[in-house]
Amino acid sequence: MANDVRAADRDTAVPTPRGRAETPPGRGLLLAAALVLPPRLTPAGVKNDRRYRSIDKYRFVCWFLSVPLLVYGIFVISPFLQAFYYSLTDWSGYSSRFGFVGLDNYSRMLDDSDFWASIRHSVLLLVVAPVVTLGLGLFFAFMLQAGGRRRRGEAFSGVRGAKFYKIVYFFPQVLSVAIVGVVWGAMFDPITGPINEVLRSVGLGSLARNWLANPDIALLCVLFVLCWMFVGFYVVLFSAAMGSVPGEIHEAALLDGAGRSTTFFRVTLPLVWDTVHTGWIYMGIQALDAFAIVHIMTINQGGPGNSTLVTPVYLYKKAFDVGQAGYATAVGVVLLVVTMVFAAVMMLFGRRERIEY
Amino acid sequence: MSATKPAPVEEAATAPGRPVGGAGEGPRRKHGKGGTLNVFSGAFLVLWVVMAAGPLVWVMVNSLRESGEITGNPFGWPSALSLENFANAWSEANIGTYTLNSLIVLAGSLPGTMLLGSMAAYVIARYTFPGNRVVYLLFAGGMMFPIILAVVPLFFVMDNFSLLDTRHGLIIAYIAYSLPFTTFFMTSFFRTLPGSVAEAATIDGASHSRIFFQVMLPMAKPGLISIGIFNFLGQWNQYFLPLALNSTDEDKALLTQGLAELSVNQGYQGDWGALFAGLTIAMLPILVVYMVFQRQVQEGLTAGAVK
């Protein structure tokens, strides 16, 4: 940053002010000192110099950026960059000794069935969770915006109590993922959990089971909780987007004889597509990161067996439980690549021409 | 309430719309087939209310029951209104200590995030200097990558600074990982503010920092509230960073860690009452605050996620 300042200093100094043709010697030194001195200690002579204004500005910029950049650089940027390097080493994480092994970690991944299982589960969540969550979100939002009785000749009206629904639907979103994980862990409990009890009381006792202990069902439970958490968020988001669509557009569609479902797919959905598209990417990233729920809710954090193991949990276990930090960061790099590819694909294929209204 | 529930709901969702569309009902007919549609949609809306709030209500009701009552009988009202579970959770299961730890960390990290984030954002948004764009992209880029990739090296960076298992270490980590989004959000907010007020202050002789603290920050209040809510919930609910950076000393565990721990222990001890009480202690204040400020919270979070 110091270089920048000096360069700018020179720029402003080129048209020498008239009254100050002969700058006293040492003024340049004082000006440089003013960069670090607080304004109070700066000599008045320097303060009256024309160049002082830009020095004052750059001093401010430097001071204001220094702390945030320092914190950000040390604790976010540098670990992030280091991760790429560590992924090429055989570092255990326990000691400071490690050797450079090139791409060994990555080739080891190819034969690691646990790793592939985790990727399979993560990608499954990545694909299914946004479909279910955004589908439900759109459905509820449309119901809230357009499912009401037709009052006062209005073509479209919201459901009575729409505000109440939005408040309640949003509950899971304000709670901690840790709380959600513990609550649903208890919900699925075979003895004290209410899910089996409900099934029995409605005569579906045969469906009652030990949900999280069944390898075929456990991942579905994780998927369900993931969707449960986010539906309310998308209801609120999509309601806001739908609310900003002018009412006349919907009215015109209705006058043309379109039913509600036609209106939804032909009119509403295209108009809010931008929001849906962004939400899709966001939900996908959330699904890839399903760490806390799996870590808290499932048996042995990813079990039974490997049936709910997702990539972030696998990474965490490798790094902190078995001491394979180098290998774990390599898994992290792969996860980053998956995230990037997902985002890029969504950006390329989900985009539509923006509709102005 | 099974795991496969969302699918049938969604399937049925399109069904009620069909008769209306197929019949080509006139929009002006007042209570035509809309009636059946309303019954269906109303039912689904109510069903999801039960789905969303049911588990939370169930936890709260059970927190007032004795552990013995809960086992084998998930539903039921408390036989006697006893607050014993809460006392147990608060002192014996250490929920009180965990809550205090969470509050201490938040008391440092939230103001720190807001201050550092708006400082950086203000400079980026309103000053031209070489490298402005680079700094902006540096912060904005941080929103893209998963924390989990950085966590292993971060652990050792923190270790080198002797910041592991300390509250101030967690505060710094929270600030650092909240900075990208806070800066990004506040930059676009500061850009929208009119420059004339700041110019007037300059002419009156106010210094740069004085303009920031006394003119621009007060003007940015709506943005600060949105991002403040976002960061408050995000940091209060943080599970991953404390788990990785603060896991050896149980006395320093945060609320989210404590609850996860309690949920494991309860399996051995059968103290369901304490678990439910702990959960209630953790979620009730948040839910109450949310209901009071629900409009701001909803706007803050949705503005925070998609912008």
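Here the structure is a predicted model, which is why all the values come from computation and not from measurement. (Residues numbered from 1 in each chain as written. Chains lettered and ligands numbered in written order. Predicted model: local features only at pLDDT ≥ 70, side-chain atom pairs only at ≥ 80, totals over all residues. Heavy atoms only, no water.)

Chemist: With reference to specific residues and values, describe the overall build of chain B.
Modeler: Scanning chain B from terminus to terminus reveals 16 helices and zero strands. For chain B, the residues scored as buried account for 55% of the 307 residues in total. Restricting the contact set of chain B to residue pairs at least 6 apart, pairs at least 24 apart contribute 71%. Accessible area of chain B: about 13300 Å², with a carbon and sulfur share of 63%. (Helix = DSSP H or I, 4+ residues; strand = E, 2+ residues; numbered from the N terminus. Buried < 20%, exposed > 50% of the residue type's maximum accessible area, 1.4 Å probe, protein only. Contact = heavy atoms within 4.5 Å. Areas by Shrake-Rupley, 256 points an atom, 1.4 Å probe, with all protein chains shown as cover.)

Chemist: Explain the state of the cysteines residue by residue, including any values.
Modeler: Inspection of every chain in the model, using the stated rule, returns zero disulfides over all chains. A:C221 takes part in no disulfide bond, and the closest cysteine sulfur to it belongs to A:C227, at a distance of 12 Å. (Disulfide = S-S within 2.5 Å.)

Chemist: Provide a residue-level description of the confidence of the model for chain A, including the pertinent values.
Modeler: With 84% of its residues at a pLDDT of 70 or more, chain A has an overall mean of 82. Note on residues 1-21 of chain A: pLDDT under 50 across the span, and 17 contacts to partners over four residues away in sequence or across chains. (pLDDT = per-residue confidence, 0-100.)

Chemist: Give a description of the confidence of the model for chain B that names residues and reports values.
Modeler: Residue and element names in this part refer to chain B. Averaged over all residues, the pLDDT of chain B equals 81, while 85% of them reach at least 70. Averaged pLDDT values for the elements of chain B fall to 36 in helix α2 (residues 17-23) and rise to 93 in helix α6 (residues 95-126). Segment residues 1-33: pLDDT under 50, and 43 contacts once partners within four positions in sequence are set aside and those in other chains are kept. The complex prediction reports pTM at 0.83, with the ipTM value standing at 0.82.

Chemist: Just give me the short version of the UniProt feature "transmembrane region" (unreviewed entry) in chain A, but keep the residues and values in it.
Modeler: Residues and elements named next belong to chain A. Following the UniProt record, one finds the feature "transmembrane region" (unreviewed entry) at residues 60-85, 123-146, 167-187, 217-237, 280-299 and 325-349. Regarding residues 60-85, the helix share stands at 100% and the strand share at 0%, and the terminal C-alpha atoms are separated by 35 Å. Structurally, residues 280-299 comprises 80% helix and 0% strand, and the distance from its first C-alpha atom to its last is 29 Å. (UniProt positions renumbered as here; feature names shortened; annotations may be inferred.)

Chemist: Describe the environment of B:G258, naming the residues involved and giving the relevant values.
Modeler: All names here are of chain B. Positionally, G258 belongs in helix α14 (residues 255-269). Judged by relative accessible area, G258 falls into the buried class, the value being 3%. With 160 residues separating them along the chain, G258 and Y98 place their C-alpha atoms 6.3 Å apart.

Chemist: Before we move on, could you go through the interface of chain A and chain B and cite the residues and values that matter?
Modeler: Counting residues at the interface gives 102 residues for chain A, matched by 102 residues for chain B. Between chain A and chain B, the buried area comes to about 9700 Å², and carbon and sulfur atoms account for 81% of it. Counting across the chain A and chain B interface gives zero salt bridges. Summed over the shared surface of chain A and chain B, the number is 13 residue pairs in polar contact (both at pLDDT 80 or more). Take the side of chain A that touches chain B: its biggest share by element is 23 residues, from helix α4 (residues 52-86) of chain A. Of the residues that constitute the side of chain A that touches chain B, the class distribution is 74 nonpolar, 18 polar and ten charged. (Buried area = accessible area lost by both parts, 1.4 Å probe. Salt bridge = Lys/Arg side-chain N within 4 Å of Asp/Glu carboxyl O. Polar contact = N/O pair within 3.5 Å; in protein donor to acceptor, adjacent residues only side chain to side chain. Nonpolar A, V, L, I, M, F, W, Y, C, P; charged D, E, K, R; others polar.)

Chemist: Lay out the packing of aromatic side chains with the relevant residues and their values.
Modeler: Applying the stated rule across the entire model yields 50 aromatic pairs over all chains. Plain terms: the ring middles of A:F60 and B:Y127 are 5.3 Å apart, the flat faces sit at 45 degrees to each other, and that makes the pair tilted. A residue pair is termed interchain when its members come from two chains, as with A:F60 in helix α4 and B:Y127 in the loop between α6 and α7 (132-141). Classification of B:Y127 by relative accessible area gives buried; the value is 10%. On the basis of an interplanar angle of 25 degrees and a centroid distance of 6.4 Å, the ring pair of B:Y136 and B:F184 is categorised as stacked. Of the two residues, B:Y136 sits in helix α7 while B:F184 sits in helix α9 (residues 167-192), which places them 48 residues apart along the sequence. Overall, B:Y136 belongs to the buried group, its relative accessible area being 12%. (Phe/Tyr/Trp six-rings, centres within 6.5 Å; stacked < 30°, edge-to-face > 60°.)

Chemist: Describe the UniProt feature "transmembrane region" (unreviewed entry) in chain B, and please don't skip the residues or the numbers.
Modeler: Using the residue numbers shown here, the UniProt feature "transmembrane region" (unreviewed entry) corresponds to residues 37-61, 103-124, 136-158, 170-190, 211-233 and 272-293 of chain B. What you have in residues 211-233 of chain B is 96% helix and 0% strand, and the ends, taken at the C-alpha atoms, are 30 Å apart.

Chemist: Can you explain the pattern of salt bridges? Please cite residues and give values.
Modeler: In total, this model carries three salt bridges over all chains according to the counting rule given. A:R200 is paired through a salt bridge with A:E197; the nearest N and O atoms lie 3.6 Å apart. Of the two residues, A:R200 and A:E197 are both situated in helix α10 (residues 194-201); the distance of three residues between them amounts to about one turn of the helix. A salt bridge links B:E299 to B:R295, with the shortest nitrogen-to-oxygen separation between them at 3.5 Å. With B:E299 and B:R295 both in helix α16 (residues 294-305), this residue pair falls four residues apart, about one helical turn.

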